[in-house]
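Fold and geometry: a report
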Amino acid sequence: MAQQAVAQHAISIRLACKAFGISETCYRYQTKLSDDNALIAEQLIELTEENTDWGFGLCFSYLRHVESCCWNHKRVYRIYCELALNLRIKPRRRLKRHAPEPLKEPIRENQVWSLDFMHDQLSDGRKFRLLNVIDDYRREGLAIEAGFSLPTIRVKHILNVRASLDELYVSLGDQRINKITAPDILKTIKKIEARGSLEVAKRTLSRCGMVMKYAIAHGYRYDNPAGDLVYALKSKKVTNLASLPASEMPQFLAKVRAYPSDAQTQHAIMLIMLTGVRVSELLQARWEEFDLEGRKWDIPEERMKNRLPHRVPLTDIMIQELQALRLTHNQELLFPHRLNNKEPMRSESILAVIKRSGYAGRMTTHGFRSLFSTVVNESNLFNPDAIERQLAHVPQNRIRSAYNRAQYWDERVKIMEWYGEQVKGRLAQ
């Protein structure tokens, strides 16, 4: 306004500043646009054109972590809004939630279950949670502790076992245990199979066999009629987990490494690819298991699928990844959860990066293990038994006393070094 008064009424700058109560310095100030602002705007426009579904969060993470830019969050967001880029993505519509239909009155046993969590307190002040299970047909209640003593996954297992036994009891409960025959059991299992629940049918048959073994052990009968019925059931079609061919790995790695994820997830993807272990074995690993000087990683038996200890040779590229990962935190776990450092990172975090990089349904975390097996076996350079040992595949009839976790060690070291060079070459493409 002071500038308008000077221009329109031809008064002096000093008089105009005195009239409006401002200093001459303020009057003469002119905003200067930094060259960085133009660069930020250019980068944001380029990112949003290439990635139409990216919001501000992903754009800023990309600039910070991938482009290594040190621009202020508030500054970048102001330019983002000035360019009206925040209006590109329409807000998600909220789904209409319909009221659930009321439960029908049960007409047979084990048809309807009511589940509810309740909280209680002990005399010493400790609080715990109860999962209250009610059978609506029998009007019976069952309270299972699910707080500090029983995890939720254990509660689900208990409910599944009880549901299986109840279904067997409906058909076979009025017969003596020594009078039950294989056709009687098969008839019940086929009813479950007819509903399309092939896996439930197989598990129910397995639990029926356990009951029969208990009866044999206590002298109620002399045979197990459920023993060979598994061959009469339909086989569930097994579909292998998705895995990319080796020829597509350079493009896959380039997209995954360009995705704006945290350093811990990037190191996890690289180590899963290089080691060929199962994803749970890596994410639950602790630093005490690694001997970088001895170039070996000893996985304890409780974390292995076959319940046998396993040793993995460490190559130069693996050690580089581990040393870089160590600089990101000082926790006991290799990959601690960002919200609770006592728990390991979830495998879903890695799978989310793979999906958002454009490989949903084409690549999984287990696909790295399949890739390792395929590449090494197709090279025809190594002993197949050594490859199987490196993958921790042990014959079921192998007794524990004869097991040696360092078997074929020298050749396994060569396998891992050769495979590490292959991955390194793919990264360079």
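Since this is a predicted model, take the numbers as computed values, not measurements.

1. Quick notes on the sheet that holds strand 4 (residues 290–291)
- With respect to topology, three strands assemble into an open sheet ordered 4-5-6, the strand pairing being antiparallel. Two strands close off the open sheet at either side, each with one partner strand: strand 4 and strand 6 (310–313).
- Pairing analysis gives two bridges linking strand 4 to strand 5 (residues 296–299), with the strands arranged antiparallel. Following the sheet pairing, phenylalanine 290 is matched in strand 5 by tryptophan 297.
- Its contacts with the sheet place helix 17 (residues 409–428) against strand 5 and strand 6, and it is angled at close to 50 degrees to strand 6.

2. Some thoughts on the nonpolar core
- One finds Phe252, Trp297, Leu334 and Phe335 to be the most contacted residues of the largest nonpolar core, which totals 51 residues.
- Here the element with the most residues in this core is helix 11 (residues 263–275); it accounts for seven residues.
- Here leucine 334 is in contact with Leu282, Ala285, Arg286, Trp287, Phe290, Leu322, Leu325 and His329, once residues within four sequence places are set aside.
- The next biggest cluster of nonpolar side chains, apart from the first, holds 16 residues, and it includes Leu47, Trp54, Phe60 and Leu85.

3. Looking at a negative patch on the surface
- A contiguous patch of negative charge, built from Glu42, Glu46, Glu49, Glu50 and Glu67, is present on the exposed surface.
- As for its placement among the helices and strands, glutamate 67 is situated in the loop between helix 5 (56–66) and helix 6 (73–82).

4. A few points about the packing of helix 8 (residues 182–194) against helix 9 (residues 198–217)
- At a minimum axis distance of 8 Å, the contact between helix 8 and helix 9 shows a crossing angle of 155 degrees. Viewed along their axes, helix 8 and helix 9 adopt a mutual orientation that is roughly antiparallel. The crossing of helix 8 and helix 9 is right-handed. On the side of helix 8, the interface is formed by Ile185, Ile189, Ile192 and Glu193, while helix 9 contributes Leu198, Val200, Ala201, Thr204, Leu205, Cys208 and Met212.
- Of the residues contributing to the contact of helix 8 with helix 9, the split by class is nine nonpolar, one polar and one charged.

5. What about the packing of helix 10 (residues 249–258) against helix 11?
- Direction vectors running N to C along helix 10 and helix 11 enclose 155 degrees, while the axes themselves pass 10 Å from each other. By the angle between their directions, the pair helix 10 and helix 11 is classed as roughly antiparallel. Pair helix 10 / helix 11 crosses with right-handed handedness. Contacts from Met249, Leu253, Val256 and Arg257 of helix 10 reach helix 11 at Gln266, Ile269 and Met273.
- For the contact of helix 10 with helix 11, the per-class residue count stands at five nonpolar, one polar and one charged.

6. A closer look at the side chain of threonine 265
- Relative to the elements of secondary structure, threonine 265 occurs in helix 11.
- Leaving out residues up to four positions away in the same chain, threonine 265 has contacts with Met345, Ser349, Ile350 and Val353.

The rules behind the values
Residues numbered from 1 in each chain as written. Predicted model: local features only at pLDDT ≥ 70, side-chain atom pairs only at ≥ 80, totals over all residues. Heavy atoms only, no water. Pairing = 2+ DSSP bridges. Helix = DSSP H or I, 4+ residues; strand = E, 2+ residues; numbered from the N terminus. Contact = heavy atoms within 4.5 Å. Axes fitted to C-alpha atoms, helices over the stretch in contact; angles between N-to-C directions. Core = buried A, V, L, I, M, F, W, Y, C linked by side-chain atoms within 4.5 Å. Buried < 20%, exposed > 50% of the residue type's maximum accessible area, 1.4 Å probe, protein only. Patch = residues over 30% accessible without salt bridge, like charges linked within 9 Å, V, L, I, M, F, W, Y side chains within 5 Å. Areas by Shrake-Rupley, 256 points an atom, 1.4 Å probe, with all protein chains shown as cover. Salt bridge = Lys/Arg side-chain N within 4 Å of Asp/Glu carboxyl O. Lys, Arg positive; Asp, Glu negative; His and termini not counted. Charge placed at Lys NZ, Arg CZ, Asp CG, Glu CD. Parallel < 35°, antiparallel > 145°, perpendicular 65-115°, else oblique. Left-handed = near helix turned anticlockwise from the far one by under 90°. Nonpolar A, V, L, I, M, F, W, Y, C, P; charged D, E, K, R; others polar.

Keep in mind these values describe shape, not function.
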